[in-house]
Amino acid sequence: MAKRIACLWIVAAGVIFFLFPFPGQTAFEKEAGPAVPPDRIMINLPQESEGNEMPPVAFMHARHNESVEGDCTRCHVEKDPAVVFKFQRTDQPASMDLYHDNCIVCHEQQKDAGQPAGPTTAQCRSCHGAVVPDPAPGTQWEKIDFDRSLHYIHEVSDHIGSPDNPSDPDNCNACHHRYDEVQQRIVTERGTESACIYCHKEVEADGVRSIRDASHDACVACHLTQKNQEVKAGPVECYGCHRAGVRAEMPVVPDAPRMKRNQPDAVFMTGGTTGEGQAVYRMSPVVFDHKQHETAAASCRVCHHESLESCSQCHTPAGDEKGGFVRLEQAMHAQTESASCVGCHAQETRKTDCAGCHDVMPRPRMTENACQVCHNDPDRTVVHDPEMQQIRADTFVSAASDEYRPVMPKDIPETVTIGVLSDTYQPSRFPHRKVMDGIARRVEDSDLANTFHKNQQTLCMGCHHNSPSSLTPPDCAACHAVAGDGMPTSAPGIPDLKTAYHGQCMGCHDKMEIAAVPSTDCQICHEKK
């Protein structure tokens, strides 16, 4: 079956197979950037002599990898004893003859064996300058996130030892390293581990390999070495990491322990100050539960997008060049940036359990309640000593209360009768308490929702979206006028009452995927007269 699939790939990829670079080319380079599929490699050798130029070849690496069933040695040589990810060579420069001799020979062998094959001699244009659709047919490449679960699986692997001491259970330096400017070489140093992308960017820069080259050279080579030693290893085929369906079968550690990086449990975060002498912070400090957020984030990079330094090292209260002149306040509150606190929380509110209430809320405005959840330390006295700040943060988090203030059932109307359409239908009996209980149960399943809704009364703001938290919020008709009743109409931009009810109720049912009460079944809410 695998061979049949491989053959089909070869047929489908016939027009894009590589070969026939023009004479005079001597170097090899990979095209990078978002405009091309990540598995596409441009073979573009510099000219070796005048004339006889041919356009570069768009080589679809993933397809070839799959056609040889992940056997990297079909195109790459082995040395010491890892695979060298250069085409059929180690340190030698690439050449036209190298590609022609190996690629065409392989294609001809396939053809002689009666198997579908790529272009052969005299089919130059099938590779050189061939137009590859974007995305190419059959391309299923997806970027892989090396999340906490994957990190932990590698961290505790019995087959990944420390290069310095194979018996050392701490194997961080098997992957993590840094470049020492003084020694001008790669070194390992415990406590300085960072994400690969901090140094290896999307495109090679200043002699540092791209993240794609660095991760493939390290990860795939390690997997292949272990596989050759008949040790259980990670994927060596492209699709093993980059095809969602295959990746979904990877083992997942749902409660992966914290990484061992000496990170703090709590962080004392402050902004600017005001006053002289007895200066105070302009806003109440944020005591950030770093440990709790680690369990909620897939990786450190969710927040630490450029380095593992604290946010304020780059984003100062006034803003500076290191942080792209993005001020600390902006970095924390940008609603459209996933790396900011508010932006990350906003993304969570779009999930099914939250979207019913949050989708219709005015996003630019944050309520006083929301501010106080994060700016949680009321003592605005300035603390300069970092050690004292850490003590204050640890003490605050350890003493934090999980008190939940429910609304008593007697304070929640069991039903609310809505008669705005009673000229055509029977009045609608809205099961108010039942809806409130259903929302409360969903909140219980979310740490984030629990944090912001410790006072259950705040759930009322889901429907009463422009009203402060209250057990006696104004009726909907206080803002939404009844069309055609001769009374003043709603303010500009505010829908009439009928439109508001339908938008709120039907939108909520859709967003929260309430299958038992479809938003299109009118008579569930409105019985005919």
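Residues numbered from 1 in each chain as written. Predicted model: local features only at pLDDT ≥ 70, side-chain atom pairs only at ≥ 80, totals over all residues. Heavy atoms only, no water.

## Describing the overall build of the protein chain
For the protein chain, the helix and strand inventory stands at 18 helices and 12 strands. When the 529 residues of the protein chain are sorted by exposure, 33% land in the buried category. At a minimum sequence separation of 6, the contacts of the protein chain that also span at least 24 residues come to 54%. Just so you have it, the protein chain exposes about 32,000 Å², and 55% of that area is on carbon and sulfur atoms. (Helix = DSSP H or I, 4+ residues; strand = E, 2+ residues; numbered from the N terminus. Buried < 20%, exposed > 50% of the residue type's maximum accessible area, 1.4 Å probe, protein only. Contact = heavy atoms within 4.5 Å. Areas by Shrake-Rupley, 256 points an atom, 1.4 Å probe, with all protein chains shown as cover.)

## Here we look at the packing of aromatic side chains
By the definition in use, this model includes 2 aromatic pairs. Ring centres of F87 and Y99 lie 4.8 Å apart, and the angle between their planes is 5°; this geometry places the pair in the stacked category. Of this pair, F87 sits in the loop between β4 (82-83) and α3 (96-112) while Y99 sits in helix α3, placing them 12 residues apart in sequence. For Y99, a relative accessible area of 1% gives the class buried. An angle of 65° between the planes, with centres 6.3 Å apart, marks the rings of F268 and Y281 as edge-to-face. Here Y281 lies in strand β9 (residues 280-281) and F268 lies in strand β7 (residues 267-269), a separation of 13 residues in the sequence. (Phe/Tyr/Trp six-rings, centres within 6.5 Å; stacked < 30°, edge-to-face > 60°.)

## Some points on the side chain of H465
As for its placement among the helices and strands, H465 is situated in the loop between α16 (447-452) and α17 (497-511). Overall, the relative accessible area of 17% leaves H465 in the buried class. At 3.1 Å, the side chain of H465 forms a polar contact with the side chain of Q504. (Polar contact = N/O pair within 3.5 Å; in protein donor to acceptor, adjacent residues only side chain to side chain.)

## A few points about the environment of T273
Within the fold, T273 resides in strand β8 (residues 273-274). You can call T273 partly exposed: its relative accessible area is 39%. Here the alpha-carbon distance between T273 and P317, two residues 44 residues apart in the chain, equals 9.4 Å.

## Observations concerning the environment of F59
For F59, the location among the structural elements is in strand β2 (residues 57-60). Spatially, the C-alpha atoms of F59 and I41 are 5.0 Å apart, while their sequence positions differ by 18 residues.

## Structural notes on α17
Every α-helix winds through 3.6 residues per turn, so residues three or four apart in the chain are directed the same way. Taking 1.5 Å of rise per residue, the 15 residues of α17 would be expected to cover 21 Å, and the 21 Å separating its terminal C-alpha atoms lies within 8% of that figure. Buried within α17 we find L497, A500, Q504, C508 and H509. Taken around the axis of α17, the buried residues stretch over an arc of 140°, which confines them to a single face. Contacts made by the buried residues of α17 are with α12 (352-358). The residue sitting at the N-terminus of α17 and contributing the capping side-chain oxygen is D496; that oxygen lies 3.2 Å from the backbone nitrogen of K498. In the segment just after α17, E513 is the residue with positive phi, at about 50°. (Expected span 1.5 Å × (residues − 1). Arc of directions from axis to C-beta.)

## Topic: the pairing of strand β1 (residues 40-43)
Residue alternation in β1 divides its side chains into two sets, R40 and M42 and I41 and I43, and both sets are buried. Both β1 and β2 contribute to a ladder of 4 bridges, which runs antiparallel. Directly across from M42, in β2, lies its bridge partner A58. (Pairing = 2+ DSSP bridges.)

## Examining the confidence of the model for the protein chain
Here the protein chain averages 83 in pLDDT, and 88% of its residues register 70 or above. For the protein chain, the element scoring lowest by mean pLDDT is helix α1 (residues 2-12), at 39; strand β10 (residues 286-288) scores highest, at 96. Below a pLDDT of 50 lies the segment residues 1-36, which in the model reaches 126 contacts outside its immediate sequence neighbourhood of four places, other chains included. (pLDDT = per-residue confidence, 0-100.)

## Re the pattern of salt bridges
Throughout the structure, instances matching the rule amount to 21 salt bridges. When the shortest N-O distance is used, the salt bridge between D379 and R392 registers 3.8 Å. Taken together, the residues span a long stretch of sequence, with D379 in the loop between α13 (368-374) and α14 (386-398) and R392 in helix α14 at a distance of 13 residues. With relative accessibility at 36%, the residue D379 sits in the partly exposed group. We classify R392 as buried; its relative accessible area is 17%. Note that D411 is salt-bridged to K410, the shortest N-O span being 3.3 Å. Classification of D411 by relative accessible area gives partly exposed; the value is 31%. Given a relative accessible area of 72%, K410 falls into the exposed group. Bridged by salt links that share partners, the residues D170, R190, E193 and R261 form one connected network. (Salt bridge = Lys/Arg side-chain N within 4 Å of Asp/Glu carboxyl O.)

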